Amino acid sequence: MDTDEHITIIVAKKLRGEATLQELQELQCWLDAAIANRQEYNKMELLWAEARNIFSETDFDTNAAWNKVNAAIENAGPEKAAKNAPLIAIYSVLAKRITVAAASVLLLIGGLYFYTGNTAPRKMIAAAKENLVVILPDNSNVFLRKGSSISFPVNFDKDMRSVELSGEAYFEVRRNELQPFIISTANSNVKVLGTSFLVRSKEDRDEIVVVTGKVNVADKEKEANQVMLAAGQKAVFLNKVFHQSLVKDSNFISWKNGLLIFKNNSLAKVLDDLSNYYDIPVNISPVNKAEIEKIQINMRVEKQSFEQVVEEIKLITGLAVKKERGNTIFYKK
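Overview of the nonpolar core
And then number 1: Among the nonpolar cores identified, the biggest contains 29 residues, and V163, F171, F181, I183 and F197 are the most heavily contacted of them.
And then number 2: In this structure V163 touches R122, L136, I150, S151, F152, F156, F171, F181, I182, I183 and S184, once residues within four positions along its chain are discounted.
And then number 3: With 20 residues, the next largest nonpolar core counts F262, L274, V282 and I313 among its residues.

Pasting the structure below:
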């Protein structure tokens with residue numbers, strides 16, 4: 001993959017809200033490297049906006065849609081053709097790959113419909129800038145975290161309700177024993193009949209936390225490798241191994257309700273939860289780490305800024321804070 005194609009894919013992921021911190025940093029370096037790069041990025045944003053308009057209709061002809069895109073590019077004129085080469089290239093690639101994967105890259109702005117071969121039309125919704133509540137065809141509710149996306153059929157099959165998730169979401173699934181509900185992530189398949197639970201999916205791991213009912217989680221590549229979770233249990237699927245444990249608090253859905261509660265929790269856990277909630281790296285200095293991370297914390301965080309919470313922890317613990325390469329680090333004076 002050449003540099004132009006690599007950067008274009010990162011831009012698409014950024015607009016969709018799925019770019020990782022490393023990818024965002026890489027993109028920023030590319031933008032800062034030359035004014036022409038910034039101009040190219042602005043052009044990409046405009047073309048993605050145009051793509052949104054083209055594909056926003058419930059029913060559309062794929063070939064006709066791509067003709068519109070190509071016409072829009074050609075109308076830029078021959079002088080701009082060379083400069084727009086990376087954009088033309090990616091549209092060309094996507095046109096040839098109008099599969100589930102390609103469609104998920106193109107249809108990056110929520111609420112769009114697309115077709116995948118001979119299968120039924122599907123709908124994709126991406127929470128690019130804020131958390132979203134998605135109502136599925138069976139009236140189940142999905143609370144989609146910012147930066148995540150979900151796709152599902154416009155109408156579920158009679159014998160199965162299947163969705164695909166990238167990122168994190170909290171599900172409230174309506175019970176139907178005749179129509180199992182299956183969530184497919186990059187790593188696993190989560191199967192339920194009707195219950196409430198959280199799924200957090202990353203490139204290398206999945207985490208499932210059950211609030212009510214029971215949930216079956218299976219390795220996507222080896223179905224026999226699976227676990228059954230009941231209310232109050234969670235599992236982390238990492239390196240093909242399930243690690244089960246009990247859920248001790250409700251902070252795993254703090255992004256949904258805006259509330260974090262700590263009762264005699266270690267500083268290590270507090271900072272881990274805060275890092276996940278604010279999506280900001282927070283660490284403990286390696287010096288005296290074993291001693292510092294065990295400090296007990298009692299506090300309530302409700303819709304406060306990250307800076308306010310850091311100041312409160314400093315007052316509680318007597319620790320100091322420094323910033324290093326984007327990380328907030330607590331250390332002993």
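Quick notes on unusual backbone geometry
Comment: phi is negative for the bulk of residues other than glycine, and the bulk of peptide bonds are trans.
And then number 1: Notably, N139 is not glycine yet its phi reads approximately 75°, a positive angle.
And then number 2: Among the structural elements, N139 can be located in the loop between β3 (132–135) and β4 (141–144).
And then number 3: For N264, which is not glycine, the phi torsion reads 50° and is therefore positive.
And then number 4: Mapping N264 onto the fold places it in strand β16 (residues 259–266).

Digging into helix α2 (residues 21–33)
And then number 1: Relative to the 18 Å expected for 13 residues at 1.5 Å per residue, α2 spans 18 Å between its end C-alpha atoms, a close match to the ideal helical length.
And then number 2: Three or more residues of α2 are buried, namely E23, L27, W30 and L31. Each buried residue of α2 lies within a common arc of 100° when the element is viewed along its axis, so the set occupies one face. Those residues of α2 that are exposed and aimed more than 90 degrees away from the buried face are L21, Q22, C29, D32 and A33.

Here's the deal with the pairing of strand β11 (residues 205–212)
And then number 1: Examined bridge by bridge, strand β10 (residues 196–201) and β11 share 6 bridges and lie antiparallel to one another. Paired with V199 across the bridge in β11 is I208.
And then number 2: In textbook terms, the turn of a hairpin is the stretch between consecutive antiparallel strands, and for β10 and β11 this stretch comprises 3 residues.
And then number 3: Relative to strand β14 (residues 233–238), β11 runs antiparallel, the two sharing 5 bridges. Of the residues in β14, the one forming a bridge with I208 is A235.

Comments concerning the side chain of S285
And then number 1: Among the structural elements, S285 can be located in the loop between β17 (282–284) and α10 (289–292).
And then number 2: Look at S285 and you get buried, because its relative accessible area is 8%.
And then number 3: Discounting residues that sit within four places of it in the chain, S285 has contacts with I329, F330 and Y331.

Notes on the sheet that holds strand β15 (residues 241–246)
And then number 1: Strand order in the open sheet made by the 7 strands is β3-β4-β7-β10-β11-β14-β15, with antiparallel pairing throughout. In this open sheet, the two edge strands, each paired with only one partner strand, are β3 and β15. Strand-to-strand twist of the sheet, defined as the mean angle between neighbouring strand axes without regard to direction, takes the value 20°.
And then number 2: Here β4 pairs with strand β7 (residues 168–172) via 4 bridges, running antiparallel. Residue pairing across strands places F143 opposite Y170, the latter belonging to β7.

A look at the pattern of salt bridges
Oppositely charged side chains can form a pair if their charged atoms are brought close together.
And then number 1: Per the stated rule, a full pass over the model turns up 14 salt bridges.
And then number 2: E168 is paired through a salt bridge with R200; the nearest N and O atoms lie 3.0 Å apart. Placement of the pair is E168 in strand β7 and R200 in strand β10, with a sequence separation of 32 residues.
And then number 3: Classification of R200 as buried rests on a relative accessible area of 12%.
And then number 4: Several salt bridges converge on common partners, so that one network encompasses R145, E168, R200, E207 and K234.

Quick word on the packing of aromatic side chains
And then number 1: Applying the stated criterion across every chain, the model contains 7 aromatic pairs.
And then number 2: For the pair F171 and F181, a centre-to-centre distance of 6.0 Å together with 65° between the ring planes defines the contact as edge-to-face. Residue F171 is located in strand β7, and its partner F181 is located in strand β8 (residues 181–184); the two are separated by 10 residues in the primary sequence. The pair F171 / F181 is uniform in exposure class, with both members buried.
And then number 3: Between Y278 and F306, the aromatic rings sit 5.4 Å apart at their centres with planes inclined by 65°, giving edge-to-face as the arrangement. Of the two residues, Y278 sits in helix α9 (residues 267–278) while F306 sits in helix α11 (residues 306–317), which places them 28 residues apart along the sequence.

About the thresholds
- Residues numbered from 1 in each chain as written.
- Predicted model: local features only at pLDDT ≥ 70, side-chain atom pairs only at ≥ 80, totals over all residues.
- Heavy atoms only, no water.
- Core = buried A, V, L, I, M, F, W, Y, C linked by side-chain atoms within 4.5 Å.
- Buried < 20%, exposed > 50% of the residue type's maximum accessible area, 1.4 Å probe, protein only.
- Contact = heavy atoms within 4.5 Å.
- Helix = DSSP H or I, 4+ residues; strand = E, 2+ residues; numbered from the N terminus.
- Expected span 1.5 Å × (residues − 1).
- Arc of directions from axis to C-beta.
- Pairing = 2+ DSSP bridges.
- Axes fitted to C-alpha atoms, helices over the stretch in contact; angles between N-to-C directions.
- Salt bridge = Lys/Arg side-chain N within 4 Å of Asp/Glu carboxyl O.
- Phe/Tyr/Trp six-rings, centres within 6.5 Å; stacked < 30°, edge-to-face > 60°.

Read these as layout, nothing more, since geometry by itself doesn't imply function.
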